[in-house]
Amino acid sequence: MARKTIKQSATECVNLIPLVVVSSETINLDSCDAKIDVLVKNNEKIDLKIFAKGGKLKLRSKCEEGGELKLDGVFHTVDCDQDIDVECKFEEKDCKGDIILKGVAEGSSRINCKGVLEVEKGCKGFKGFLKEDFLMLDQEAQVDLVPGLEIKNDDVVVSHCASVKRIDPEDLFYLTSRGVSEKEAKEMVVEGFLQYSPS
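Since we're looking at a predicted model, the values are computed, not measured. (Residues numbered from 1 in each chain as written. Predicted model: local features only at pLDDT ≥ 70, side-chain atom pairs only at ≥ 80, totals over all residues. Heavy atoms only, no water.)

As a further point, take the pairing of strand S5 (residues 45–52). Two elements, strand S3 (residues 25–28) and S5, share four bridges in a ladder whose sense is parallel. Bridge assignment links Thr26 to a residue of S5, and that residue is Lys49. Of the pairings in the sheet, the one linking S5 to strand S7 (residues 68–78) comprises eight bridges and is parallel in character. Across the sheet, the residue bridging to Ile46 is Leu69, located in S7. (Pairing = 2+ DSSP bridges. Helix = DSSP H or I, 4+ residues; strand = E, 2+ residues; numbered from the N terminus.)

In structure tokens:
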């Protein structure tokens, strides 16, 4: 699996960085603005992992016959904004698509996440799901989720779910009562929630 790390200076943040994905990759956007186009060709599978710490992400995908897209988006913002706009379109038969978007809003962060699975009439036998799962670490943090399914035929197995929750004070109490500082306890909760190390 190819890995890319993309950084840009503050003066470059005016335009979205365009990326085209045609194979499995891990992309670390840091806090860049990016537009990602994904093409899954006939009977191929793309496993795409995206990490971001702020900025704007616009992702569009198209899946050809028998193609499979697995997208894992992990977002961790600290005192900044994150706009996530993911639209995955499936037009031909026997496609699969699993879209998981997870994130943490820390400090005064604001995350706006819109995820859409669009299954066209010609996409018979589609199987997939969309999941948006976010955690707010602080009282000032804000998260808005807009999951969507646009299903244009009835020969599909598809579902979606979305959840936003605050950090559980009992989790923090448990860890701090065992000698872990509150800062380390929050980092442990974030790492466990996102299933990756934020540093």
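Between side chains of opposite charge, pairing is possible as soon as their charged atoms come close. Tallying each qualifying case throughout the model produces 16 salt bridges. Lys70 is the partner of Asp72 in a salt bridge, and the nearest nitrogen-oxygen pair spans 3.2 Å. Here Asp133 ties to Lys165 by a salt bridge, and the two come within 3.7 Å at their closest N and O atoms. With Asp133 in strand S11 (residues 126–136) and Lys165 in strand S13 (residues 156–166), this residue pair connects regions lying 32 residues apart in the sequence. Overall, the relative accessible area of 7% leaves Asp133 in the buried class. Of the residues examined, Lys165 reaches a relative accessible area of 37% and is grouped as partly exposed. (Salt bridge = Lys/Arg side-chain N within 4 Å of Asp/Glu carboxyl O. Buried < 20%, exposed > 50% of the residue type's maximum accessible area, 1.4 Å probe, protein only.)

Summarising the element assignment, Val104 is placed in strand S9 (residues 96–106). Taking the C-alpha atoms as reference points, Val104 and Phe75, 29 residues apart in sequence, are found 6.3 Å from one another.

With respect to the element layout, Glu132 can be found in strand S11. Ignoring anything within four residues of it in the chain, the contact list for Glu132 reads Leu101, Cys113, Lys114, Gly115, Leu145, Val146, Pro147, Cys161, Ala162 and Ser163. (Contact = heavy atoms within 4.5 Å.)

On to helix H2 (residues 182–194), then. Helix length check: H2 (13 residues) gives 18 Å between terminal C-alpha atoms against 18 Å at 1.5 Å per residue, within 8%. Of all the positions in H2, only Ala185, Lys186, Val189, Val190, Phe193 and Leu194 are classed as buried. Buried residues of H2, viewed axially, fall in a sector of 155°; they line one side. A positive phi of about 60° marks Gln195, the residue just after H2. (Expected span 1.5 Å × (residues − 1). Arc of directions from axis to C-beta.)

In a soluble, globular protein the nonpolar side chains are often hidden away together inside. Core analysis: the biggest nonpolar cluster contains 38 residues, and Leu29, Ile36, Val38, Leu48, Leu59, Ile99 and Phe134 have the highest contact counts within it. Aside from chain neighbours lying at most four places away, what touches Ile36 is Leu19, Val21, Ile27, Leu29, Ile50, Leu57, Lys58, Leu59 and Arg60. (Core = buried A, V, L, I, M, F, W, Y, C linked by side-chain atoms within 4.5 Å.)

Right, let's get into the packing of helix H1 (residues 169–176) against H2. Remark: H1 packs on H2, axes separated minimally by 9 Å, with the N-to-C direction vectors making an angle of 125°. Between H1 and H2, the crossing angle belongs to the class labelled oblique. Both H1 and H2 take part in a crossing whose hand is right-handed. Between H1 and H2, the contacting residues are Asp171, Leu172, Leu175 and Thr176 on the first element and Glu182, Ala185, Lys186, Met188 and Val189 on the second. Partitioned by chemical class, the residues of the contact of H1 with H2 number five nonpolar, one polar and three charged. (Axes fitted to C-alpha atoms, helices over the stretch in contact; angles between N-to-C directions. Parallel < 35°, antiparallel > 145°, perpendicular 65-115°, else oblique. Left-handed = near helix turned anticlockwise from the far one by under 90°. Nonpolar A, V, L, I, M, F, W, Y, C, P; charged D, E, K, R; others polar.)

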